[in-house]
Amino acid sequence: GVFVIHSTNVACDGGRIMDFDMSMLQNLRAYRTQILVACIALGLAFWLGLSLWLGPKTPVATVVQRDFVQTVVASGRIESPHRVELGVQITGTVKAVPVNEGQTVTAAQPLIELEDAELLASAKQAELAVAQAQAKLRQLREVQAPLAEQTMRQAQVNQETATRSLQRTQELFGKGFIGQAALDEAVRAEQVMRSQLKSAQQQLNSARAGGSDMAVAESALSQAQAGAELARAKLRYSKVLAPVAGTLIGRNVEPGDTVQAGKVLMVLSPHGETQLVVQIDEKHLKLLAIGQTAWASTDAYPDQRFTAELMYINPGVDAQRGSVEVKLRIPEPPAYLRQDMTVSVDIEVAKRSQAVLVPTEAVHNLESHEPWVLKVISGKAVRTPIRLGLSSQGMCEVLDGLAAGDQVLANASLAVNDKTRVRPVSNLVAK
């Protein structure tokens, strides 16, 4: 009986327990939404608290130490030391253009030929005028001068005869053997012979070297020779010859064109030293020096770099562009270089061995005298003054304030205050 009663009580207790569990389960189901919301809220509160304590995730860069080269980057073009612009010196019609653009030519090679029939005729006519003047001069020397000398000698003899005759007449007149009329005739004859002698002497002097006739003849010959030279020069102008060996980089003329003097018809790039002409921002002027080494590459062959040497710095600044023109010599120009190719140039202006480097974008007040960075110390961003040296290609040399391995906030534009907790992420190593 006791056993039965005990079993009945246990059974009754078990029923009550089951009723209680069912009631609690129903209550939990009724408030499950509220419970879920409470759990989410507790999780968010924990996460926010942890984030506030650890600080925001912030990208940082690690300071490195390595050899560093400062360069000045610029762009420019390939040029020869000079170009020759060619044209005609007389107006005419183009007969032939025996060269093409891009062709290599030698010195004195014909480039443009004009119609020259009229010029040839003028040159021939001028040469005949020279021959005629030379013949006139020979005639004066070989014929007229000897004839004038003979005439002068005959006149001299006649004058001496007339003088002696006058003396005899005067003696006879003094003795009364002849009258006044005979004396006057002798005086007149002597004066005529004297005048003829003087005229013959003048003619001889004129025909001799230094005389007026000789001067006229020589002047006529010189004038004819000058006319012939002018005609030959115009004939030479009918052909445009290459002044030096080079490459024809421009041609703006065709056979049949009527051309005028002064118009550029061709452009010749002489063979010689190839150079780069680039424009450098004037703020970099203090960094440049003659003899600095540079690396260059063309837009057409960007992977093929070649060396160059700074050889000229323009003493003036282009006020419109705020730049300075510099020229670089190419000791060993690659075969693919062409006139006016666009090139990019890196001029090495300074070097440092084992420099401490930090990204430029991590530096605050970069252009001022008091630059600084936010250095990560024990989980906090701490404002740290630094002293800068060289800078190039997105990197700055740190002379004081940082050491290799330090971490700094990678971007100065981040809104992070001094002593703020941060969590370094995306660790960027300076390259």
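### Observations concerning the overall build of the chain
Link 1 in the chain: Along the backbone of the chain there are five helices and 22 strands.
Link 2 in the chain: For the chain, the proportion of its 431 residues judged to be buried stands at 32%.
Link 3 in the chain: Expressed as a percentage of contacts within the chain between residues at least 6 apart in sequence, the contacts between residues at least 24 apart total 74%.

### Re the pattern of salt bridges
Link 1 in the chain: Here the structure, examined in full by the defined rule, presents 16 salt bridges.
Link 2 in the chain: A salt bridge links arginine 83 to aspartate 340, with the shortest nitrogen-to-oxygen separation between them at 2.3 Å. Taken as a pair, arginine 83 in the loop between β2 (64-79) and β3 (84-86) and aspartate 340 in the loop between β14 (323-329) and β15 (342-359) lie far apart in primary sequence, 257 residues in all.
Link 3 in the chain: In this structure, arginine 232 and glutamate 229 form a salt bridge, with 3.1 Å as the shortest nitrogen-oxygen distance. Of this pair, arginine 232 and glutamate 229 are both found in helix α5 (residues 212-236), three residues apart, which corresponds to roughly one turn of the helix.
Link 4 in the chain: A relative accessible area of 31% means that arginine 232 is categorised as partly exposed.
Link 5 in the chain: For glutamate 229, a relative accessible area of 36% translates into the label partly exposed.
Link 6 in the chain: A cluster of three or more residues bridged by salt bridges with shared partners is formed by Glu229, Arg232 and Arg236.

### Examining the sheet that holds strand β9 (residues 258-259)
Link 1 in the chain: The sheet built from four strands is open, its strands ordered β7-β6-β4-β9 with antiparallel pairing. Of all strands in the sheet, those with a lone pairing partner are β7 (239-241) and β9, marking the two edges.
Link 2 in the chain: As paired strands, strand β6 (residues 110-114) and β7 are joined by three bridges and run antiparallel to one another. Looking at β7, one finds that glutamate 113 is bridged to lysine 239.

### Concerning helix α3 (residues 117-175)
Helical periodicity: at 3.6 residues per turn, an α-helix aligns residues three or four positions apart in one direction.
Link 1 in the chain: Between its terminal C-alpha atoms α3 stretches 85 Å, which fits the 87 Å expected from 59 residues at 1.5 Å a residue.
Link 2 in the chain: Its axis deflected by about 35° at leucine 140, α3 carries its strongest bend there.
Link 3 in the chain: Just past α3, the residue glycine 176 takes up positive phi, approximately 85°.

### Observations regarding the packing of α3 against helix α4 (residues 180-207)
Link 1 in the chain: Between α3 and α4, whose axes approach to 7 Å, the crossing angle comes to 160°. If you check the angle between α3 and α4, you find them roughly antiparallel. Like other packed secondary-structure pairs, α3 and α4 cross with a definite hand, here left-handed.
Link 2 in the chain: Looking at side-chain class alone, the contact of α3 with α4 contains 18 nonpolar, 12 polar and three charged residues.

### A look at unusual backbone geometry
Link 1 in the chain: Notably, glutamine 354 is not glycine yet its phi reads approximately 55°, a positive angle.
Link 2 in the chain: Within the secondary structure, glutamine 354 sits in strand β15.
Link 3 in the chain: Although it is not a glycine, asparagine 365 adopts a positive phi angle of roughly 50°.
Link 4 in the chain: Considering the arrangement of structural elements, one finds asparagine 365 in the loop between β15 and β16 (372-377).

### Topic: the packing of α3 against α5
Link 1 in the chain: Relative orientation of the contacting elements α3 and α5 amounts to 165°, with a least axis distance of 8 Å. With respect to each other, α3 and α5 are oriented roughly antiparallel. In this structure, the crossing between α3 and α5 has a hand that is left-handed.
Link 2 in the chain: Looking at the contact of α3 with α5 residue by residue, the class counts come to 17 nonpolar, four polar and six charged.

### As for the sheet that holds β3
Link 1 in the chain: If you walk across this open sheet you meet the four strands as β3-β10-β8-β5, and the pairing is antiparallel. Edge positions in the sheet fall to β3 and β5 (104-105), since each has one partner strand and no second.
Link 2 in the chain: Strand direction decides the pairing type here: β3 and strand β10 (residues 266-270), joined by three bridges, are antiparallel. Within β10, the position partnered with leucine 86 by the bridge is methionine 266.

### Digging into the confidence of the model for the chain
Do not read the fine detail of predicted coordinates wherever pLDDT is low.
Link 1 in the chain: Mean pLDDT over the chain works out to 84, with 86% of the residues at or above the 70 mark.
Link 2 in the chain: Confidence over residues 1-12 falls short of pLDDT 50; this stretch has zero contacts with residues more than four positions distant or in other chains.

### Describing the nonpolar core
Buried together is how nonpolar side chains tend to be arranged in soluble globular proteins.
Link 1 in the chain: Within the largest apolar cluster, 23 residues are counted, with the highest numbers of intra-cluster contacts made by Leu276, Ile280, Val326, Leu328, Val345 and Ile347.
Link 2 in the chain: By residue number, the principal contributor to this core is β15, which donates four residues.
Link 3 in the chain: Discounting residues that sit within four places of it in the chain, valine 345 has contacts with Val72, Val73, Ala74, Leu276, Val278, Ala294, Trp295, Ala296 and Leu328.
Link 4 in the chain: Grouped together as the second largest cluster of nonpolar side chains are 20 residues, Val88, Ile90, Leu248 and Leu265 included.

### With respect to the side chain of glutamine 70
Link 1 in the chain: Among the secondary structure elements, glutamine 70 is positioned in strand β2.
Link 2 in the chain: On the basis of relative accessible area, glutamine 70 is assigned to the buried category, the value being 8%.
Link 3 in the chain: For glutamine 70, the side chain forms a polar contact with the main-chain oxygen of serine 391, separated by 2.9 Å.
Link 4 in the chain: With sequence-adjacent residues up to four places away left out, glutamine 70 is seen in contact with Leu287, Ile347, Glu348, Val349, Ala350, Leu390, Ser391 and Ser392.

Here is what the cut-offs are and how they apply
Each chain has its residues counted from 1, running along the sequence as written. Selection of residues for local features in this predicted model requires a pLDDT of at least 70, selection of side-chain atom pairs for listing and counting requires 80 or more, and totals for whole chains, interfaces and linings are taken over all residues. Working from all heavy atoms in the structure, the side-chain values ignore hydrogens and water. A run of H or I in DSSP counts as a helix once it spans at least four residues, and a run of E counts as a strand once it spans at least two, with each numbered from the N terminus. Burial status follows relative accessibility: with a 1.4 Å probe on protein chains alone, a residue under 20% of its type maximum counts as buried, one over 50% as exposed, and anything between as partly exposed. Here a residue-residue contact requires only that any non-hydrogen atoms of the pair lie within 4.5 Å. Within this document, salt bridges are pairs made up of a side-chain nitrogen of Lys or Arg and a carboxyl oxygen of Asp or Glu, the two lying within 4 Å of each other. Only strands joined by at least two bridges in the DSSP assignment are considered to pair. To estimate how far a helix should reach, multiply one less than its number of residues by 1.5 Å. Note on bend: the value at a residue is the angle between axes fitted to the seven residues ending there and to the seven starting there. Lines are fitted to the C-alpha atoms to define the axes, a helix being fitted only along its stretch in contact, and any angle between axes, read from their N-to-C directions, falls within 0 to 180 degrees. Note on terminology: angles under 35 degrees are roughly parallel, angles over 145 are roughly antiparallel, angles of 65 to 115 are roughly perpendicular, and the others are oblique. For any helix crossing, the convention is left-handed if the near helix is rotated counterclockwise from the far helix by under a right angle, and right-handed if that rotation is clockwise. Classification convention: Asp, Glu, Lys, Arg as charged; Ala, Val, Leu, Ile, Met, Phe, Trp, Tyr, Cys, Pro as nonpolar; all other residues, Gly among them, as polar. On a scale of 0 to 100, pLDDT captures the predictor's confidence in every residue. The set of buried Ala, Val, Leu, Ile, Met, Phe, Trp, Tyr and Cys residues whose side-chain atoms join them within 4.5 Å is what this entry labels a nonpolar core. In protein, a polar contact means a hydrogen-donor-capable atom and an acceptor-capable atom, both N or O and within 3.5 Å, with residues adjacent in sequence counting only if both atoms are side-chain atoms; elsewhere, any N or O pair within 3.5 Å suffices.

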